[in-house]
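Residue-level listing of the chains:
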Amino acid sequence: MEPRAARSRKGEGPRGEQERRRSGGNIEKDRGLDLVQWTRHMEAVKTQLLEQAQGQLIDLLDRVVQEAIQCYPPQGGPLSSIPPDSLSKAREPSLGKRKIFIIRKSLLDELMEVQHFRTIYHMFIAGLCVFIISTLAIDFIDEGRLMLEFDLLIFSFGQLPLALMTWVPMFLSTLLVPYQALRLWARPRARGAWMLGVGLGCMLLAAHTTVLWVLPVHVALKYQLPPASRCILVFEQVRLLMKSYSFLREAVPGTLCARGGEGMRAPSFSSYLYFLFCPTLIYRETYPRTPNVRWNYVAKNFAQALGCVLYACFILGRLCVPVFANMSREPFSTRALVLSIMHATLPGIFMLLLIFFAFLHCWLNAFAEMLRFGDRMFYRDWWNSTSFSNYYRTWNVVVHDWLYSYVYQDGLWLLGGRARGAAMLGVFLVSAVVHEYIFCFVLGFFYPVMLMLFLVFGGLLNFMMHDRHTGPAWNVLMWTLLFLGQGIQVSLYCQEWYARRHCPLPQTTFWGLVTPRSWSCHT
């Protein structure tokens, strides 16, 4: 006799067997889908863990390298042969946290490898297309023709050949004078002859500084250069002065200490020439270099920088000129001022982003690639800042490194290690004065909006919004204040620009030059 279960399975026949196979296949299919989902989940977890580990490893290695540099003895002598007290006295004041150059990409280049960030980039390109289409549509409706006018661009870059010709003696002075002055100081000879060489080197440096300060100002005032041409001159003026100071600050101490030694030598001229073009303001005799040049990457960055210039012209022409061109003709009112500031917040923040992308990313990366300069960290993730102190450190790393090395750290060395507040105030003062000088040079008038925003309000926010605030609400607050600050700058500077054209002075006086014209111009 067969068991009942066996007889029942036998009685089911082919149909029962198919049902069992179907149900088993569904179970295997579900297991396969679960396995795929689990695999994807584990891949995501692995990617997240690798990113976290990579960030922590980079921070750890940076700290290790900095500690190794701090422990490195001056003049290359063995550490054991130098007493600890003499080591602390001989160490240079800026050796505590010396700038370290390593091969690394710019942050936006890394982010652009992610599709989501490329989409944001595509949105900005679409915005430029919209500006072009709106310009064509308005011209077609008003004039009956399809034509892009670049009057603002042509005006801004007027007399560009004269600006470039003025740059040549500025560059030649920077190329020859600081290096020759260092060679005069480095030459071993009798004390009297060496003092004569020191005096001659100082005279050359004084003449060099005078050329860099006076020549571009004279050309800009005499020939009434337009804003963009002035911008080229003043940026090169400040850049060459900062590079000259960095070269002398880094090379002179070692040269003077080793002057009597036979193994002393001045830095090579080729390293100084390379430094004048590479995208950093901190001099080193050697830098990490990439193996080759990607010329398509260079062309892409220059094209993007040109696109940003066109984008800025469209923004000014469509969002600023129609609003501020006739504002000085109307009676002043608080309501009109507040509305103009609110209206200027959007074009102001657009201009800030375009300046950042065009100069700090595209322009500097293009030169870094042509020169095979390896360290591309020209900025950090300033957009994630929850405090203005972090924003100031991460917005422009190139300038921040110079200020930190030669103003803050040298200030601590001169004033004592406890005078951190005074050293930080010195950094804000130098930065605010230079920013205000640049605005004054480019626009052709003195209106201390930038000075007040940067030194007064920026200094207060630096101490009030410190790094202990890390929540997302602080990032929102930082962006809100950034929007308002850009709106104030664009509104007040545009009003002053048109007021000085609508209400020229009958005679030029000192107080007429430094007094804002927009306060009294109502034609």
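Thresholds, definitions, all that
- Residues numbered from 1 in each chain as written.
- Predicted model: local features only at pLDDT ≥ 70, side-chain atom pairs only at ≥ 80, totals over all residues.
- Heavy atoms only, no water.
- UniProt positions renumbered as here; feature names shortened; annotations may be inferred.
- Helix = DSSP H or I, 4+ residues; strand = E, 2+ residues; numbered from the N terminus.
- Buried < 20%, exposed > 50% of the residue type's maximum accessible area, 1.4 Å probe, protein only.
- Areas by Shrake-Rupley, 256 points an atom, 1.4 Å probe, with all protein chains shown as cover.
- Patch = residues over 30% accessible without salt bridge, like charges linked within 9 Å, V, L, I, M, F, W, Y side chains within 5 Å.
- Salt bridge = Lys/Arg side-chain N within 4 Å of Asp/Glu carboxyl O.
- Core = buried A, V, L, I, M, F, W, Y, C linked by side-chain atoms within 4.5 Å.
- Contact = heavy atoms within 4.5 Å.
- Axes fitted to C-alpha atoms, helices over the stretch in contact; angles between N-to-C directions.
- Parallel < 35°, antiparallel > 145°, perpendicular 65-115°, else oblique.
- Left-handed = near helix turned anticlockwise from the far one by under 90°.
- Nonpolar A, V, L, I, M, F, W, Y, C, P; charged D, E, K, R; others polar.
- Polar contact = N/O pair within 3.5 Å; in protein donor to acceptor, adjacent residues only side chain to side chain.
- 1 Å grid on protein atoms, 1.4 Å probe; cavity = no way out; pocket = protein on both sides within 12 Å on 5 of 7 lines; lining within 4 Å.
- Points joined across faces, edges and corners; volume = space filled by probe spheres on them.
- Expected span 1.5 Å × (residues − 1).
- pLDDT = per-residue confidence, 0-100.
- Phe/Tyr/Trp six-rings, centres within 6.5 Å; stacked < 30°, edge-to-face > 60°.

Per an unreviewed UniProt entry, the protein is named O-acyltransferase, and its organism is Panthera pardus. As stated in UniProt under Sequence similarities (unreviewed entry), the record for the protein gives "Belongs to the membrane-bound acyltransferase family. Sterol o-acyltransferase subfamily." Per UniProt, the comment on the protein under Subcellular location (unreviewed entry) is "Endoplasmic reticulum membrane".

The helix and strand tally for the protein stands at 17 helices and zero strands. Here the protein, with 523 residues, has 38% of them falling under the buried criterion. By element, 67% of the accessible surface of the protein is carried by carbon and sulfur atoms, the whole surface being about 30400 Å².

On the surface, Val 114, Phe 117, Ile 120, Met 123 and Phe 124 cluster together into a nonpolar patch covering about 430 Å² of accessible area. Here Phe 117 lies in helix 4 (residues 115-143). For Phe 117, a relative accessible area of 37% translates into the label partly exposed.

Let us now look at the nonpolar core. Judged by nonpolar contacts, the single largest core of 79 residues is most densely connected at Phe 247, Tyr 287, Phe 356, Phe 373, Tyr 391, Trp 402 and Leu 482. Setting aside chain neighbours within four positions, we find Tyr 287 in contact with Phe 101, Tyr 274, Phe 275, Cys 278, Thr 280, Ile 282 and Phe 373.

Another aspect to go through is the packing of helix 4 against helix 10 (residues 295-324). One can describe the packing of helix 4 onto helix 10 by two numbers: an axis separation of 10 Å at closest approach and a directional angle of 50 degrees. The angle between helix 4 and helix 10 falls in the class oblique. Between helix 4 and helix 10 lies a crossing whose hand is left-handed. Across the interface between the two elements, Tyr 121, Phe 124, Gly 127, Leu 128, Phe 131, Ile 132, Thr 135, Ile 138 and Asp 139 of helix 4 pack against Gln 304, Gly 307, Tyr 311, Phe 314, Ile 315, Arg 318 and Leu 319 of helix 10. Its residues assigned to classes, the contact of helix 4 with helix 10 shows ten nonpolar, four polar and two charged.

Below, the discussion takes up the pattern of salt bridges. Oppositely charged side chains may form a pair once their charged atoms are brought near each other. Under the definition given, this model contains nine salt bridges. Among the ionic pairs, Asp 401 bridges to Lys 99, the shortest N-O distance being 2.9 Å. Placement of the pair is Asp 401 in helix 13 (residues 397-415) and Lys 99 in the loop between helix 2 (84-90) and helix 3 (107-111), with a sequence separation of 302 residues. You'll find Asp 401 and Lys 99 in the same group, each marked buried. Residues joined by salt bridges that share partners form a network here, namely Arg 294, Glu 369 and Arg 376.

Let us now look at the UniProt feature "active site" (unreviewed entry) in the protein. When the UniProt feature table is mapped to this numbering, "active site" (unreviewed entry) covers His 435. Residue position: His 435 is located in helix 14 (residues 420-443). Given the relative accessible area of 28%, His 435 is considered partly exposed. Contacts of His 435, omitting those with residues within four sequence positions, involve Met 450 and Phe 454. Among the polar contacts made by the side chain of His 435, one reaches the main-chain carbonyl oxygen of Ser 431 at a distance of 2.7 Å.

Applying the stated criterion across every chain yields a total of three cavities of 30 Å³ or more. The space that makes up the second largest cavity amounts to roughly 80 Å³. Considering the residues around the second largest cavity, the lining is formed by Lys 99, Phe 101, Pro 279, Thr 280, Phe 373, Asp 375, Arg 376, Met 377, Phe 378, Val 397, Val 398 and Asp 401. Considering only residue class, the lining of the second largest cavity consists of seven nonpolar, one polar and four charged.

Look at the UniProt record and you will see "transmembrane region" (unreviewed entry) annotated at residues 120-141, 161-182, 194-215, 302-325, 337-360, 411-430, 437-461 and 473-494. As annotated, residues 120-141 comprises 100% helix and 0% strand, and the C-alpha atoms at either end are separated by 31 Å. Structurally, residues 302-325 is divided into 96% helix and 0% strand, and its ends, taken at the C-alpha atoms, are 32 Å apart.

So, about helix 4. The first and last C-alpha atoms of helix 4 sit 41 Å apart over 29 residues, in line with the 42 Å expected at 1.5 Å per residue. Every buried residue of helix 4 is accounted for by Gly 127, Leu 128, Phe 131, Thr 135 and Asp 139.

This part is about the confidence of the model for the protein. In this model, the protein carries a mean pLDDT of 80, and residues with pLDDT of at least 70 account for 79%. At the level of individual helices and strands, the protein shows its lowest average pLDDT in helix 2, which scores 33, and its highest in helix 9 (residues 269-277), which scores 93. Contacts of residues 69-95 to residues separated by more than four positions or lying in other chains number 27 contacts, the stretch itself having pLDDT below 50.

Turning next to the side chain of Asn 475. Mapped onto the fold, Asn 475 is located in helix 16 (residues 472-502). When neighbours within four sequence positions are excluded, Asn 475 is seen to be in contact with Trp 383, Asn 384, Ser 385 and Thr 386.

Here Tyr 245 lies in helix 8 (residues 227-257). On a C-alpha basis, the gap between Tyr 245 and Trp 402 in space is 9.8 Å, while along the polypeptide they are 157 residues apart. Those residues in contact with Tyr 245 that sit more than four places away from it in its chain are Trp 402, Tyr 406 and Asp 410.

What follows covers the packing of aromatic side chains. For the structure shown, the criterion picks out 44 aromatic pairs. A centroid spacing of 5.1 Å and a plane angle of 20 degrees characterise the contact between Trp 167 and Phe 171, whose relative ring orientation is stacked. Placement of both Trp 167 and Phe 171 in helix 6 (residues 160-186) is noted, with a separation of four residues, approximately one turn of the helix. Ring centres 5.3 Å apart and planes at 75 degrees place the aromatic pair Phe 356 and Trp 382 in the edge-to-face group. With a gap of 26 residues between them, Phe 356 in helix 11 (residues 334-370) and Trp 382 in the loop between helix 11 and helix 12 (388-395) connect regions that are remote in the sequence.

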